Amino acid sequence: NRALHSWTENELAQFETRWPIGAMERTAYALHLYAGQRRGDVARMTWRRYEDNRGVITVVQEKGGAELPIPAHKGLREVLASWPRSHVMILATEYGKPFSIAGYGNWMADAIDAAGLPARCVTHGLRKASARRLAEAGCSTHEIMSITGHKSLAEVERYTKAAEQKRLARASVVKMEEHFGGRISQPATEGAPKPRRKPLVEKGNLQRMASPRGFEPLFAP
């Protein structure tokens, strides 16, 4: 859904503060953020698909059935190293059962609410944040698609275009600062009319002024 919000860096940090490494909520979050997958694919991930000796996690996407071997980001490796392998599934319910897709979605929604995040932050927004980060790191459209498994160029190009706009805007401002420096332009004064100086004593007031003793005015009122 194009209208869904991509989590900002501040929002990601807020979730991490609430759910430290070792919490199942943080493990689920890391799978979304670093593997860039949908909630159904994360809910179905198994330990068998994670080769920690090679640092690769293989995702079999429910939508389209694509199999994606993805190098595990060091942030994901750290989180998975702190999460016990007590079930065939990486994530399981408190009753030791695999999550249903709806049940997993509700559980993640509760975790997001507990982190105090706004309503715009939903689980799918983590997949969008993953694509955004890849784009801002300079990844091409096809590089991003190799992680997220998107089939449409148009969806992913929105992230690369936004990242490119930010990069170009930063470069433009740097060039302007280097060319003009940090000086503030002053208004031009050459040829501008000089302001009229206000006389110290207005003529009307001069007549009402008392003359010092010993001096007579040179004119009669």
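Cut-offs and rules
- Residues numbered from 1 in each chain as written.
- Predicted model: local features only at pLDDT ≥ 70, side-chain atom pairs only at ≥ 80, totals over all residues.
- Heavy atoms only, no water.
- Salt bridge = Lys/Arg side-chain N within 4 Å of Asp/Glu carboxyl O.
- Helix = DSSP H or I, 4+ residues; strand = E, 2+ residues; numbered from the N terminus.
- Buried < 20%, exposed > 50% of the residue type's maximum accessible area, 1.4 Å probe, protein only.
- pLDDT = per-residue confidence, 0-100.
- Polar contact = N/O pair within 3.5 Å; in protein donor to acceptor, adjacent residues only side chain to side chain.
- Pairing = 2+ DSSP bridges.
- Phe/Tyr/Trp six-rings, centres within 6.5 Å; stacked < 30°, edge-to-face > 60°.
- Lys NZ or Arg CZ within 6 Å of the ring centre and 35° of its normal.
- Core = buried A, V, L, I, M, F, W, Y, C linked by side-chain atoms within 4.5 Å.
- Contact = heavy atoms within 4.5 Å.

S.K.: Outline the pattern of salt bridges, listing residues and values.
M.R.: A complete count under the given rule lists 13 salt bridges for this structure. Two residues, Arg 120 and Glu 11, come together in a salt bridge whose shortest N-O distance is 2.6 Å. Of the two residues, Arg 120 is situated in the loop between α5 (101-114) and α6 (124-136) and Glu 11 in helix α1 (residues 9-18); the sequence distance between them amounts to 109 residues. Residue Arg 120 is classed as partly exposed on the basis of its relative accessible area, which comes to 47%. Its relative accessible area of 5% is what places Glu 11 among the buried residues. One network of salt bridges, in which partners are shared, links Glu 9, Arg 132, Arg 133, Glu 136 and Lys 166.

S.K.: Give a detailed account of the confidence of the model for the protein chain, specifying residues and quantitative values.
M.R.: Summary statistics for the protein chain give a mean pLDDT of 85 and a share of 81% for residues scoring 70 or more. Ranking the elements of the protein chain by mean pLDDT puts helix α9 (residues 203-206) last, at 50, and α1 first, at 98.

S.K.: Outline the side chain of Arg 26, supporting the account with residue identities and numerical values.
M.R.: Relative to the elements of secondary structure, Arg 26 occurs in helix α2 (residues 24-35). Within the structure, the side chain of Arg 26 is placed 3.3 Å from the backbone oxygen of Glu 16, a separation counted as a polar contact.

S.K.: Hey, could you go over the sheet that holds strand β3 (residues 67-71) for me, with residue numbers and the actual values?
M.R.: Read from one edge of the open sheet, 3 strands run β1-β2-β3, paired in antiparallel fashion. A strand with exactly one partner marks an edge of an open sheet, and here the two such strands are β1 (50-51) and β3. One ladder, built from 5 bridges, connects strand β2 (residues 56-60) with β3; its direction is antiparallel. Residue pairing in the sheet places Thr 58 in a bridge with Pro 69 of β3.

S.K.: Explain the packing of aromatic side chains residue by residue, including any values.
M.R.: Following the criterion strictly, the structure yields 6 aromatic pairs and no others. Ring centres of Tyr 104 and Trp 107 lie 5.9 Å apart, and the angle between their planes is 35°; this geometry places the pair in the tilted category. Linking Tyr 104 with Trp 107, this pair stays in helix α5, spanning 3 residues, or about one helical turn. Each member of the pair, Tyr 104 as well as Trp 107, carries the same accessibility label: buried. Cluster of aromatic residues (ring-pair linked, three or more members): Trp 7, Phe 15 and Tyr 29. We note Arg 18 situated over the ring of Trp 19; from NZ or CZ to the ring centre the distance is 3.9 Å. The ring of Tyr 159 has Arg 158 sitting right over it, with the charged end atom 5.4 Å from the ring centre.

S.K.: A description of the nonpolar core should follow, citing residues and the corresponding values.
M.R.: Core analysis: the biggest nonpolar cluster contains 42 residues, and Trp 7, Phe 15, Leu 31, Ile 90, Leu 91 and Tyr 104 have the highest contact counts within it. Secondary structure elements with two or more residues in this core: α1, α2, α3 (39-43), β2, β3, α4 (74-81), α5 and α6. The greatest single-element share of this core, amounting to 8 residues, is contributed by α2. Not counting residues within four places of it along the chain, the set of residues in contact with Trp 7 comprises Leu 12, Phe 15, Tyr 29, Ile 112, Leu 117, Cys 121, Val 122, Gly 125, Leu 126, Ala 129 and Arg 132. By size, the runner-up hydrophobic cluster in this structure holds 7 residues, among which are Ala 131, Ile 144, Met 145 and Val 156.

S.K.: Residue-level account of the side chain of Glu 155, with values.
M.R.: Mapped onto the elements of the fold, Glu 155 is located in helix α8 (residues 153-180). Within the structure, the side chain of Glu 155 is placed 3.5 Å from the side chain of Lys 128, a separation counted as a polar contact.

S.K.: Can you explain the pairing of β3? Please cite residues and give values.
M.R.: A regular strand carries its side chains on alternate faces of the sheet. Alternating positions in β3 separate cleanly, Leu 68 and Ile 70 being buried on one face and Glu 67, Pro 69 and Pro 71 remaining unburied on the opposite face. Linking β2 to β3, which pair antiparallel, is a turn of 6 residues; within it Gly 64 sits at a positive phi near 95°.

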